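Descriptive analysis of the structure
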Amino acid sequence: MKIIAISGSLRQHSLNSKLLAEAVSMKPDDVTITAYEIQEIPLFNGDLEEDGDPEAVLSLKRALKESDGLLIVTPEYHESMPGVIKNVLDWVGSDANENVLRNLPVGVIGASPTRFGTAHAQKQVKQALIAAGSEVFQKPEVYVAKANEKFDDKGNLTDERTKKAVTRYLQSFSSWIGKKI
Ligand code: FNR
């Protein structure tokens, strides 16, 4: 089973990119999780779709079509999802060319230094995915709160409860996808 994973943070020392990297190493044996970089995706502009999608968007769409599912690791800004995630969803979920989010199994997790751990952002991402026609994985949920205290200097997840929660999440998410393919 192949899963593409996207971090919604572009910064080098992102907590969410660290969480994604750890998820890659905690996945079940029969699952491949590949991190996909989204910094080349341009800002959404409906005019650009008229001549076909930009190459960076086409490339992500190809990767998603070749995958069995998508894992989104989202930060939270102002109690909402980050613009870079919304931008990606608008491109790949647009009906103008090909909406590759339709029927795609998608899971959402996230990390933040606050005690809510991206609860608001995750709800928003799920809402947008439902609008685009994705199959959204609901439970269990992973909200990595106080995430600034849960990684060591090398980016390893040090909190045992979080490790267990992420492992359990990936097992449930992949077995849920397995029932759909
Ligand atoms: C934040 N942050 C934040 N965190 C949160 O849990 N709820 C929030 O509403 C916000 N709001 C917010 C707004 C803006 C403009 C910034 C820059 C930050 C803090 C945020 O979770 C923190 O910076 C994370 O470290 C961002 O994720 P990455 O980049 O570490 O993955």
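The name given to the protein chain in an unreviewed UniProt entry is Chromate reductase, with the source organism recorded as Geomicrobium sediminis. As stated in UniProt under Sequence similarities (unreviewed entry), the record for the protein chain gives "Belongs to the azoreductase type 2 family."

**Considerations on the overall build of the protein chain**
Per the secondary structure count, the protein chain includes 6 helices and 6 strands. Each helix and strand of the protein chain, ordered N terminal to C terminal, gives the series β-α-β-α-α-β-α-β-α-β-β-α. On C-alpha atoms alone, the protein chain measures out to a radius of gyration of 15 Å, which is about the 16 Å that the 2.2 N^0.38 rule sets for 181 residues. Counting only C-alpha atoms and orienting by the principal axes, one finds that the protein chain spans roughly 50 × 35 × 25 Å. Taken over 181 residues, the protein chain has a buried fraction of 40%. Across the protein chain, every contact between residues at least 6 apart in sequence was considered, and the portion connecting residues at least 24 apart equals 77%.

**Digging into the pairing of strand β1 (residues 2–7)**
β1 sits mainly inside the fold: 5 of its 6 residues count as buried. In the sheet, β1 pairs with strand β2 (residues 32–35) via 4 bridges, with the strands oriented parallel. When the bridges of β2 are listed, Lys2 appears paired with Thr32. Assessed by its sense of winding, the connection that carries the chain from β1 through helix α1 (residues 15–26) to β2 is right-handed. Relative to strand β3 (residues 69–73), β1 runs parallel, the two sharing 5 bridges. Bridge assignment links Ala5 to a residue of β3, and that residue is Leu71.

**Overview of the nonpolar core**
In this structure, Ala5, Leu19, Ala23, Leu71, Ile72, Val73 and Val92 are the most contacted members of the largest nonpolar core, which totals 46 residues. Take this core: its biggest share by element is 6 residues, from helix α4 (residues 83–92). In contact with Leu19, other than residues within four places in its own chain, are Val73, Ile109, Ala111 and Val144.

**Quick look at the site of the ligand**
Taken together, 15 residues lie near the ligand, and Ser9, Ser14, Asn16, Pro75 and Ser112 sit nearest. Its residues assigned to classes, the shell around the ligand shows 5 nonpolar, 7 polar and 3 charged.

**Quick word on the UniProt feature "domain: NADPH-dependent FMN reductase-like" (unreviewed entry) in the protein chain**
Residues annotated in UniProt with the feature "domain: NADPH-dependent FMN reductase-like" (unreviewed entry) correspond here to residues 1–148. Taken end to end, residues 1–148 comprises 34% helix and 18% strand; its first and last C-alpha atoms sit 31 Å apart.

**Here we look at the confidence of the model for the protein chain**
The predicted model of the protein chain has a mean per-residue pLDDT of 97, with 100% of residues at 70 or higher. Predicted complex metrics record ipTM = 0.99 and pTM = 0.98.

**Quick notes on α1**
Relative to the 16 Å expected for 12 residues at 1.5 Å per residue, α1 spans 16 Å between its end C-alpha atoms, a close match to the ideal helical length. Among the 12 residues in α1, 9 count as buried, and that is most of the element. Listing the buried residues of α1 in full gives Leu15, Asn16, Ser17, Lys18, Leu19, Leu20, Ala21, Glu22 and Ala23. Where the residues of α1 are buried, they touch β1, β2, β3, β4 (105–111), β6 (143–144) and α6 (160–178).

About the criteria used
Residues numbered from 1 in each chain as written. Predicted model: local features only at pLDDT ≥ 70, side-chain atom pairs only at ≥ 80, totals over all residues. UniProt positions renumbered as here; feature names shortened; annotations may be inferred. Helix = DSSP H or I, 4+ residues; strand = E, 2+ residues; numbered from the N terminus. Rg over C-alpha atoms; globule rule 2.2 N^0.38 Å. Buried ≥ 20, exposed ≤ 12 C-beta atoms within 10 Å, placed from the backbone. Contact = placed C-beta atoms within 7 Å. Pairing = 2+ DSSP bridges. Right-handed = clockwise from strand over helix to strand, strands pointing away. Core = buried A, V, L, I, M, F, W, Y, C linked by C-beta atoms within 7 Å. Near = placed C-beta within 6 Å. Nonpolar A, V, L, I, M, F, W, Y, C, P; charged D, E, K, R; others polar. pLDDT = per-residue confidence, 0-100. Expected span 1.5 Å × (residues − 1).

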